[in-house]
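# Observations on chain architecture
Spelled out from the first residue to the last, the chains are:
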2 protein chains.
Amino acid sequence: MIKGNMLIGQSGGPTAVINASLVGAIKEGINNPNIEKVYGAINGVAGVLSEVFYDFTTESEENLELLKITPGAALGSVRYYLPDFTSLASASYDYERLLEVFKKYNIRYFYYIGGNDSMDTCNKISRYLELVNYEAYVIGIPKTIDNDLPITDHTPGYGSAIKYVATTMSQINLDTSSYKEGRVTIVEIMGRDAGWLAAGAKLASINNSAPDLIYLPECAFDVDKFLVDVEKIYKEKRKVLVAVGEGIKTKDGEYLLKYRHFKSADSFGHLQLGGVAQVLCEIVGQTLHLPVRSIELNLPQRCASTLLSKTDVEEAFEVGRHAVIFSTAGITDKMVIMKRVNNKIVYDVTDLSNVAKLIKTVPSEFINEEQNNITDKFLDYAMPLIKGEIIVPFENGLPKVYRVKK
Amino acid sequence: MIKGNMLIGQSGGPTAVINASLVGAIKEGINNPNIEKVYGAINGVAGVLSEVFYDFTTESEENLELLKITPGAALGSVRYYLPDFTSLASASYDYERLLEVFKKYNIRYFYYIGGNDSMDTCNKISRYLELVNYEAYVIGIPKTIDNDLPITDHTPGYGSAIKYVATTMSQINLDTSSYKEGRVTIVEIMGRDAGWLAAGAKLASINNSAPDLIYLPECAFDVDKFLVDVEKIYKEKRKVLVAVGEGIKTKDGEYLLKYRHFKSADSFGHLQLGGVAQVLCEIVGQTLHLPVRSIELNLPQRCASTLLSKTDVEEAFEVGRHAVIFSTAGITDKMVIMKRVNNKIVYDVTDLSNVAKLIKTVPSEFINEEQNNITDKFLDYAMPLIKGEIIVPFENGLPKVYRVKK
């Protein structure tokens, strides 16, 4: 294999374990005989084009271990995507510039940690470098709390996110059970196009705290049916706990967030103020006249480094490490995937083009017939992903973190 | 001392350590020679009046240890407060009924875990029992995440709540720092009348993640000054992190939540949909045209049992235990308090009437001159309260909890 330097970048929304994948790749890069310098690109492709690198080659073990459990994209992320091209002539200047930088720094191994859009970028870089006959090995490292990448059994970041969702759901359930005469509590969970995260709320059944109702963007949301369900459960239990994916849509495919025609147009004149849980709150309050509260789980879903899944951290690390292993074995233009074989995870690759810009939604076997809850079959799938805890180091009462100097 | 049974209840909003105080009192009750049966009242005063008790006398050590770190009011809480009276003749039937129940179960030691309203209830019960010459010892056990009870140095529940606030703030800071071109992120923290919890965001300075701006309900909120501050910081850093207490008010004493006259009345026609962070988001978006996001920390502030302060748990336990110790030494009509003596906590009592219905706000020495941040002096006060972590037991990926059968 060709000897040279490696460059790694992060892209898209961060996860709680995005840096575990980074550290997995860095550690393998430091030890790998084909790799000399281990560079990180600050702010993804933007950092590549502007030559803003951080050199990890001599980074201490202590810093890397802390980095592994630090939330946020340590290298800085970016939402910049390279334009498409069909031939060398149609490739934008960005590609020329990228090649220039790769040559200058002798980058022969390139890794990009990201979701489906980032895999598309990765694929374009790979195709361009091949077109110009520059020998380089390009591998995508999957990450997304949304778990919506195809081919791979699941994505690094998802396990910790649903561990957070299920634990928080359980804690909210215990809190709201304090009163005999309770409320309707509506918890909004991330996931615009796929309901993987909202489905994770079902895991709270492990300690008997699962929500009464769970709604995913995969199913057409029927407001009338929802109100019937809520009223029925409230009558019986004097409280209702609802989990809802932020991207639920009506049967006409309209986001409920834009659902302005309930009761009166006027009453939903300012929906940009709130999320879908608040819309449902308003509907429940106005129609059923029940006490109601909305909770948006928001960013902590992807950055709660104090509630990591050990399995997820280890897998994220391995996915990063395997990217380097695969590439230095001559594999390129691929994304690392996880396969579940006899309940163990095996690391493999798939073509970047199989993943780029595609979305995997929650299959119907994980959704109950009434489309207001999740089946036990999902538990079989998801329980292994939240297994184990990481005891993060604290100092003066707060978690220790490591920041890469940008 | 008189021998008899003890009864303990929980009232008001739960905290993450409300059950640690319960367990502290139960354990001391089980061991105390003056106490025979250890009863818990289900749903506070309501359970007393309707004789719905749970008998903890033979509860296992294992259950109690788990109960100690289970969030939510394990006995069930209540928002029922006893009516006032000036003489025996003016006391409502509730008091007669309570005396009847106390006699029937030979309750000689009564404890009520709650905030200032609950201390008022406790005080009334104590005064009534004295009026009718029924020998009983009544002690209030403070709890509130709001830290707004007078006399005591701080309240059980506050330490864990600000550990959660500061840790989450730090994690949000790392997450939102992922992008070079960031946003204005406005984080809403509980506290309607006092800003103790919002001040806790300052603790994120321990790992250099404190918000840029912190606003408390104690200071008149000036929208124009706020916009100037936000714009200045954004220009410099390309991102701004703001912490805001939910109860901030304008100089006219109006909750900002009701602030509908900015730009146009119409544009704030439906503020019930959101919290104060959303109001500020709308203002920042409309005026400064900056990308902006609101995050409401919501219920997890008081129920995140996976992020407890060890100091808080131990103090909550001790406050409960001391209630029983003090009462069986003949003390009654008091609330347990914590005093800070040479940086150690000493347990003492104060008259219930000193506490009932009073509120302690954040002193001006903890607020900076510009009234948009918190001073380092606050850190000296608050850092000891978040010290230490509790490793909670997990099972199948989720925290184990113990539920009292109601």
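In what follows, the structure referred to is the one given above.
Below you will find a few notes about this structure. These numbers were taken from a predicted model, which means no experiment stands behind them. (Residues numbered from 1 in each chain as written. Chains lettered and ligands numbered in written order. Predicted model: local features only at pLDDT ≥ 70, side-chain atom pairs only at ≥ 80, totals over all residues. Heavy atoms only, no water.)

Within the secondary structure, A:T144 is located in the loop between β5 (137-142) and α6 (158-176). With near-sequence residues (within four places) excluded, A:T144 lies in contact with A:T15, A:L149, A:T155, A:P156, A:G157 and A:Y158. (Helix = DSSP H or I, 4+ residues; strand = E, 2+ residues; numbered from the N terminus. Contact = heavy atoms within 4.5 Å.)

With that settled, the discussion passes to the packing of aromatic side chains. Residue and element names in this part refer to chain B. A complete count under the given rule lists 40 aromatic pairs over all chains for this structure. Residues F85 and Y128 carry aromatic rings whose centres are separated by 6.1 Å and whose planes lie at 90 degrees to one another, so their mutual orientation is edge-to-face. Pair noted here: F85 is in the loop between α3 (61-68) and α4 (93-104) and Y128 is in helix α5 (residues 116-131), with a separation of 43 residues, a long-range link. F85 sits in the buried class, given a relative accessible area of 4%. Seen in terms of ring centroids, F102 and F110 are 5.5 Å apart; in terms of plane orientation they differ by 55 degrees. Their pairing is tilted. When its relative accessible area of 0% is taken as the criterion, F102 is described as buried. With a relative accessible area of 0%, F110 lands in the buried category. (Phe/Tyr/Trp six-rings, centres within 6.5 Å; stacked < 30°, edge-to-face > 60°. Buried < 20%, exposed > 50% of the residue type's maximum accessible area, 1.4 Å probe, protein only.)

Further remarks concern the pairing of strand β2 (residues 35-41) of chain A. All names here are of chain A. With five of its seven residues buried, β2 lies for the most part within the structure. Alignment of strand β1 (residues 4-10) against β2, held across four bridges, turns out to be parallel. Residue pairing in the sheet places M6 in a bridge with V38 of β2. For the segment spanning β1, helix α1 (residues 18-31) and β2, crossover handedness is right-handed. Looking at chain direction, β2 and strand β3 (residues 53-55) are connected through three bridges and run antiparallel. What sits directly across from G40, in β3, is Y54. (Pairing = 2+ DSSP bridges. Right-handed = clockwise from strand over helix to strand, strands pointing away.)

All right, on to the packing of α1(A) against helix α11 (residues 310-327) of chain A then. Residue and element names in this part refer to chain A. The interhelical angle for the contact between α1 and α11, taken along N-to-C directions, is 40 degrees, at an axis separation of 7 Å. Taken together, the axes of α1 and α11 lie oblique to each other. Relative to α11, α1 is oriented so that their crossing is right-handed. Packed against α1, whose contacting residues are A20, S21, V23, G24, A25, K27, E28 and G29, the element α11 presents V313, A316, F317, G320, R321, V324 and I325 at the interface. For the contact of α1 with α11, a count of residues per class yields eight nonpolar, four polar and three charged. (Axes fitted to C-alpha atoms, helices over the stretch in contact; angles between N-to-C directions. Parallel < 35°, antiparallel > 145°, perpendicular 65-115°, else oblique. Left-handed = near helix turned anticlockwise from the far one by under 90°. Nonpolar A, V, L, I, M, F, W, Y, C, P; charged D, E, K, R; others polar.)

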